[in-house]
Amino acid sequence: MTTVLERVRSGREAAGERWRGAPRWVRWALLVAVIAFFYALPNREFYQYLGPIPTPGANFTQVLFTVSIYVLLAVGLNIVVGFAGLLDLGYFGFFAVGAYTVAVLTSPSSNLKTLWPWLLVVPLAIGLTMLSGVMLGTPTLRLRGDYLAIVTLGFAEMIRIAAVSSEFLKGQRGFNQIPHPPGKYADGKPFFGVLDARPYYWLVLTLIILVVIGVRNLTHSRVGRAWISIREDEDAAQLMGVPTFKFKLWAFASGAAIAGLAGALFAGKQNFVNSQNFELLNSIIILAAVIFGGSGNIVGAIVGGGLVAYMIERFRGIELFGVELYEYRFLIFGLVLVVMMIFRPEGLIPNRRRAAEFKDRRKEVIVGE
Amino acid sequence: MLLEIDDVSLLYGRIQALHGISLTVAEGEIVALIGANGAGKSTTMRAISGIRPIATGSIRFDGEDISKLRADLRVRRGLCQAPEGRGIFPGMSVLENLDMGAYTRRDRAGIAEDLARVLDLFPRLAERRKQAGGTLSGGEQQMLAVGRALMSRPKLLLLDEPSMGLAPMLIQQIFDIIKEINEQGTTVLLVEQNAQQALARAHRAYVLETGKIVKTGTGAELLHDPAVKEAYLGVA
Ligand SMILES: Nc1ncnc2c1ncn2[C@@H]1O[C@H](COP(=O)(O)OP(=O)(O)OP(=O)(O)O)[C@@H](O)[C@H]1O
Ligand SMILES: [Mg+2]
């Protein structure tokens, strides 16, 4: 067992080495190929040749849209958990804030009756989510780590309960006729329609790419170094002159903003938002996806978010001993996580540093203090 | 005076760890702070570097009252601590750790110069520049912590037990390096269990007992003080 694991591990490490050692143009070519693949993926003419990959029990392009939203969320949460090392258990709460901002300001069911266009509300939704992140983070990020976990958990529950029970947020009945993103084909048909999920998927995919470029630039800057130092040893970071509170708040608020964007995209596609979209479980799934993929690594978060969201949908329509696997999706998911944490606690594609943190020798000797 | 601490008390919740401590460090000095386990030496360091707020009293650094200043801003004023128990960044390489030491600085040329100096002081770190901090041996981590603190080019360097966990040969070496750093112009406040070595090199020293300063004098005076000898130097 262990030898197999060792072999898998060294194989993966060798692949990593080869990737880092490959010439620049090879890496670019591969990257372009991967991106092109994902743009082509929702087309029936393409995915029908992909064997078992398309989901049997659900419309594959719809699934791809859901998966892309999860990937965007995982990339955002990775900033908070992976880079700055802050445990956010209620990340989906920010997604809800984004989606509800759009719903309240655009839907005819809303009491406000503002009926603003979708595109106008998106920046508002992002701004408002960021603001809620700052409001939540300002009192809690000064305290120790576990407080943040509890407060974020409470925040997400609060949003959900408000959604279920407040008249203003319409509970189960929800908000109808949320407008779609703008844009028309030459023949006057809207680009973002009701039936075809592809344009929405392409939109999210494009935004993921932009967000990833932004996040990558951040992590390679002083901001990124500050985040990593906070994650590794907050006191030491402070002793090196890093304004830790400020940077933690930044990470928390930028993560929130990305969730707000995801929520706005979701609302714009779905046309309908109600209280059932925001179960606590979703927060846990995204957090697990980030850890599963390898927190602290952007590629890890993308793979984790994508794989987890996809696998859950993939179980639809598969029967084993007369039960649909989909019914047991969380059991299977939980088992996979437990196995992972035993054999590969640093995640599928960990960050190099993160892997080193797991090997930290300081834990060998207990001195002083 | 570069550093003046006046009547400082510090609480951990209900536990009072410092009871009105006063001490001073003049520019160019090495000042040692010695005391038994739990006397409050590290706590004093935390109060000075600002990672723990003080309850009463004042701390002045370079003519400015910094009692309420945030820790990271104190670093910018020229005060840098190498924390006890090493406190290096385990996932960062040796070079990246040293680079973090210069976080508050922007003068590239000066940083490169200091990096060369640190690698010169600690050839072991130069050999292992690409290795992750967390995989270094205890002694190497200790050197890295000291080297990293130097990278901020502090006016006052706070060292909390730099010799902890080192082999006798290395202890000798690290004290020599402290002396050298001091001669190159950095003022040093040094906490040590290794009282013999510390007192032999310090210009002045303070003895801390259960959160109070009980004795002070030049290094040589305390080295020959019968009470200090008995309590901290292991001679009856
Ligand atoms: N975070 C904390 N919470 C509560 N009490 C603390 C905390 N840190 C230190 N103390 C207490 O404060 C006192 C002083 O501790 P401190 O770490 O300053 O001792 P020290 O002189 O550095 O000892 P050593 O030589 O063992 O490092 C001790 O009694 C310790 O138990
Ligand atoms: Mg101590």
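Residues numbered from 1 in each chain as written. Chains lettered and ligands numbered in written order. Predicted model: local features only at pLDDT ≥ 70, side-chain atom pairs only at ≥ 80, totals over all residues. Heavy atoms only, no water.

**Q** Help me understand the site of ligand 1 in this model?
**A** Taken together, 16 residues sit near ligand 1, with B:Lys41, B:Ser42, B:Thr43, B:Glu84 and B:Gln193 positioned nearest. Around ligand 1, the neighbouring residues derive from chains A and B rather than from a single chain. Residue B:Glu161 places a side-chain N or O atom 3.3 Å away from an oxygen atom belonging to ligand 1. One nitrogen or oxygen atom from the side chain of B:Gln193 is found 2.5 Å from an oxygen atom belonging to ligand 1. Burial of ligand 1 by the protein amounts to 69% of the accessible area it has alone, namely 630 Å². (Near = heavy atom within 4 Å. Polar contact = N/O pair within 3.5 Å; in protein donor to acceptor, adjacent residues only side chain to side chain. Areas by Shrake-Rupley, 256 points an atom, 1.4 Å probe, with all protein chains shown as cover.)

**Q** Looking at this model, I keep getting lost on the nonpolar core. Mind explaining?
**A** Formed by 152 residues in total, the largest nonpolar core has its most connected members in A:Ile69, A:Leu72, A:Leu73 and B:Phe122. Looking at which element gives the most residues to this core, the answer is helix H4 (residues 60–83) of chain A, with 17 residues. If near-sequence neighbours (up to four positions away) are discounted, B:Phe122 is found in contact with B:Met143, B:Val146, B:Gly147, B:Ile174 and B:Ile177. Listed in part, the 27 residues of the second largest apolar core include B:Val31, B:Ala39, B:Leu69 and B:Leu158. (Core = buried A, V, L, I, M, F, W, Y, C linked by side-chain atoms within 4.5 Å. Buried < 20%, exposed > 50% of the residue type's maximum accessible area, 1.4 Å probe, protein only. Helix = DSSP H or I, 4+ residues; strand = E, 2+ residues; numbered from the N terminus. Contact = heavy atoms within 4.5 Å.)

**Q** What is the right way to look at the packing of helix H12 (residues 280–293) of chain A against helix H14 (residues 329–343) of chain A in this model?
**A** Helix packing for two helices is described by the angle between their axes and how far apart those axes are. Residue and element names in this part refer to chain A. At their nearest, the axes of H12 and H14 sit 11 Å apart, and the two run at 35° to each other. As for how H12 packs across H14, the hand of that crossing is left-handed. For the pair H12 and H14, the contacting residues are Leu281, Ile285, Ala288, Ile291 and Phe292 in the first and Phe330, Phe333, Val336, Leu337, Met340 and Met341 in the second. Partitioned by chemical class, the residues of the contact of H12 with H14 number 11 nonpolar, no polar and no charged. (Axes fitted to C-alpha atoms, helices over the stretch in contact; angles between N-to-C directions. Left-handed = near helix turned anticlockwise from the far one by under 90°. Nonpolar A, V, L, I, M, F, W, Y, C, P; charged D, E, K, R; others polar.)

**Q** Sorry if this is basic, but what is going on with the interface of chain B and chain A here?
**A** Interfaces are often sized by the accessible area lost when the parts come together. Contacts between the two partners involve 36 residues from chain B, matched on the other side by 27 residues from chain A. Overall, the association of chain B and chain A removes approximately 2,800 Å² of surface from exposure, summing both partners, and the carbon and sulfur fraction of that is 58%. A salt bridge links B:Asp99 to A:Arg225, with the shortest nitrogen-to-oxygen separation between them at 2.8 Å. Our count for the chain B to chain A interface comes out at 3 residue pairs in polar contact (both at pLDDT 80 or more). When contributions to the side of chain B that touches chain A are tallied by element, the ones reaching two or more residues are helix H1 (41–49), helix H2 (71–77), strand E6 (79–82), helix H3 (94–101) and helix H6 (138–150) of chain B. The class makeup of the residues in the side of chain B that touches chain A is 14 nonpolar, 11 polar and 11 charged. (Buried area = accessible area lost by both parts, 1.4 Å probe. Salt bridge = Lys/Arg side-chain N within 4 Å of Asp/Glu carboxyl O.)

**Q** Can you walk me through the side chain of A:Ser295 in this structure?
**A** Here A:Ser295 lies in the loop between H12 and helix H13 (298–314). If we ignore the near neighbours within four places in the chain, the residues touching A:Ser295 are A:Asn78, A:Gly82, A:Val290, A:Glu346, A:Asn351 and A:Arg354.

**Q** Whenever I open this one, helix H7 (residues 168–183) of chain B confuses me. Can you help?
**A** Residue and element names in this part refer to chain B. Look at H7: 23 Å from first C-alpha to last across 16 residues, which is about the 22 Å you get at 1.5 Å a residue. Ile171, Ile174, Phe175, Ile177, Ile178, Ile181 and Asn182 are the residues of H7 that are buried. The buried residues of H7 occupy an angular sector of 155° when projected down its axis, which confines them to one face. Exposed and oriented more than 90 degrees from the buried face of H7 are Met169 and Glu183. (Expected span 1.5 Å × (residues − 1). Arc of directions from axis to C-beta.)

**Q** What am I meant to see in unusual backbone geometry here?
**A** Negative phi is the rule for most residues except glycine; trans is the rule for most peptide bonds. All names here are of chain A. Of note in this structure, Leu115 is not a glycine but carries a positive phi near 55°. Structurally, Leu115 can be placed in the loop between helix H5 (91–106) and helix H6 (118–140). With a phi angle near 50°, Gln177 is a residue other than glycine that sits in the positive phi range. Topologically, Gln177 is positioned in the loop between helix H7 (145–165) and helix H8 (198–219). The exposure class of Gln177 is exposed, given its relative accessible area of 57%.

**Q** Sorry, what's going on with the side chain of A:Asp233 here?
**A** Positionally, A:Asp233 belongs in the loop between helix H9 (222–232) and helix H10 (234–239). At 3.4 Å, the side chain of A:Asp233 forms a polar contact with the backbone nitrogen of A:Asp235.

**Q** I would appreciate a short explanation of the pattern of salt bridges in the present structure.
**A** It is possible for side chains of opposite charge to pair when their charged atoms get near one another. According to the stated counting rule, one finds 18 salt bridges over all chains in the structure shown. Here A:Asp196 ties to A:Arg198 by a salt bridge, and the two come within 3.0 Å at their closest N and O atoms. Several salt bridges share partner residues, and in doing so they unite B:Arg105, B:Asp107, B:Glu113, B:Asp114 and B:Arg153 into one network.

**Q** Before we go on, may I ask you to explain the sheet that holds E6(B) in this structure?
**A** Strands in a sheet are paired, the pairing made by backbone hydrogen bonds, and the direction either parallel or antiparallel. Residues and elements named next belong to chain B. Ordered in space as E6-E7-E8-E3-E9-E10, the 6 strands form an open sheet in which the pairing is mixed. In this open sheet, the two strands that pair with only one neighbour each are E6 and strand E10 (212–218). Neighbouring strand axes in the sheet, compared pairwise and without regard to direction, differ in orientation by 15° on average. Across the face of the sheet, H6 comes into contact with E6 and strand E7 (156–160) while running at roughly 170° to E6. (Pairing = 2+ DSSP bridges.)

**Q** Please clarify how the pairing of strand E1 (residues 3–12) of chain B should be interpreted in this entry.
**A** In summary, the side chains of a regular strand alternate between the two faces of the sheet. Residues and elements named next belong to chain B. Note: E1 against strand E4 (residues 56–61), 5 bridges, orientation antiparallel. Within the sheet, the bridge partner assigned to Glu4 lies in E4 and is Arg60. Where E1 meets strand E2 (residues 15–25), 7 bridges bridge the pair, whose relative direction is antiparallel. Residue pairing across strands places Leu10 opposite Leu18, the latter belonging to E2.

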